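Residue strings, one per chain:
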Amino acid sequence: MKETWAVLETEHYTFHYQEGSLAAKEIGQIAAEQEDCHRQITEKLVFTPRSKITYWLCATRKDLMEQSKFDFETNGVTFTDPDDPQIYAVYNDECKCTGFHEDVHAIMCQYANPSSSAVVEGLAMYFDRVWWGIPNDRCTRVYLEDGKYEKVEKMITDNDFFYYQVSDIISYPIVGAFTAFLVEAYGIEKYKKLYHESDDMAATFAQIYGKSLTEAEDEFVKEIMGRTYSAEEMAQARKELYS
Ligand SMILES: [Zn+2]
């Protein structure tokens with residue numbers, strides 16, 4: 001099947017797309033946007049990946065599942081082989097699964113493989129900044145106010161809890177907002193050290209930050225609760241997140 005795909009090589013990517021598809025029509029723009037994402041990610045993280053990223057732009061979720069042989073139907077997935085990272089992304093009128101998220105995974109798998117899935121997804125969500133168009137911090141505020149908030153400490157130290165017990169609508173924006181808090185308050189270097197961790201996340205966190213994950217989470221919650229959002233912003237967030 002893949003032999004019939006057209007290919008575009010750019011500095012950091014090899015894009016595959018099907019002739020006659022929306023991706024084919026917009027491939028120039030897609031390539032420019034992903035190169036820009038790549039630049040922003042590698043500049044912010046001060047990291048130069050060694051491998052190019054291969055993209056497969058699929059017309060539908062079903063098509064993505066067939067092409068990638070991935071177990072679940074999804075809008076985007078990254079196979080994180082550090083020597084050959086591959087991204088499968090749905091690209092059609094309703095869903096354009098390009099942008100930062102999968103590229104962060106494809107780049108950072110070449111840097112480290114942290115034991116905590118919440119740390120991995122937190123970094124991708126930090127670059128995405130939003131969930132369904134609502135900023136991560138505002139989603140977090142909604143969940144805090146509505147009693148839907150889940151503990152970062154538990155999500156970071158318990159992969160099963162993060163992946164299977166908490167809905168991604170809740171977990172992803174919260175870990176994204178927490179990552180932004182850590183990077184903004186304590187700098188990217190400390191965060192990179194944490195990202196390198198593949199053993200005991202809680203112990204390493206305390207070592208790097210000089211405080212426990214629980215203490216840092218208390219600061220984070222206080223910071224989010226101290227922010228000012230208008231009634232319109234909160235209403236819009238609830239409409240998007242709960243509909
Ligand atoms: Zn992800």
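Everything discussed here concerns the structure shown above.
Read on for an overview of the structure. (Residues numbered from 1 in each chain as written. Predicted model: local features only at pLDDT ≥ 70, side-chain atom pairs only at ≥ 80, totals over all residues. Heavy atoms only, no water.)

**Looking at the packing of aromatic side chains**
Taken as a whole and judged by the stated rule, the model has 23 aromatic pairs. Ring-pair connections join several aromatic residues into one group, and the members of that group are Trp5, Trp56, Phe70, Phe72, Phe79 and Tyr88. Positioned above the aromatic ring of Tyr242, the side-chain terminus of Lys148 is 5.3 Å from the ring centre. For the cation-ring pair, Lys154 lies above Phe161, with the distance from its terminal atom to the ring centre recorded as 4.8 Å. (Phe/Tyr/Trp six-rings, centres within 6.5 Å; stacked < 30°, edge-to-face > 60°. Lys NZ or Arg CZ within 6 Å of the ring centre and 35° of its normal.)

**As for the sheet that holds strand β3 (residues 53-58)**
Across a sheet, strands are paired by hydrogen bonds formed along the backbone, either parallel or antiparallel in direction. If you walk across this open sheet you meet the 5 strands as β1-β2-β3-β5-β4, and the pairing is mixed. Two strands in the sheet have a free side with no partner beyond their single neighbour: β1 (6-9) and β4 (76-79). The average undirected angle you get between the axes of adjacent strands in this sheet is 15°. Examined bridge by bridge, β4 and strand β5 (residues 86-90) share 4 bridges and lie antiparallel to one another. Following the sheet pairing, Thr78 is matched in β5 by Ile87. Helix-sheet contacts for helix α3 (residues 61-68) involve β3, β4 and β5, and the interaxial angle to β5 is about 160°. Helix α4 (residues 101-108) rests against β2 (13-17), β3, β4 and β5 of the sheet, and its axis sits at about 5° to β4. (Pairing = 2+ DSSP bridges. Helix = DSSP H or I, 4+ residues; strand = E, 2+ residues; numbered from the N terminus. Axes fitted to C-alpha atoms, helices over the stretch in contact; angles between N-to-C directions. Contact = heavy atoms within 4.5 Å.)

**Focus on unusual backbone geometry**
Unlike most non-glycine residues, Lys69 shows phi in positive territory, near 65°. With respect to the helices, strands and loops of the structure, Lys69 is situated in the loop between α3 and β4. When its relative accessible area of 66% is taken as the criterion, Lys69 is described as exposed. For Trp132, which is not glycine, the phi dihedral falls at a positive 50°. Its place among the elements puts Trp132 in the loop between β6 (130-131) and β7 (134-135). By relative accessible area, Trp132 is classed as partly exposed at 45%. (Buried < 20%, exposed > 50% of the residue type's maximum accessible area, 1.4 Å probe, protein only.)

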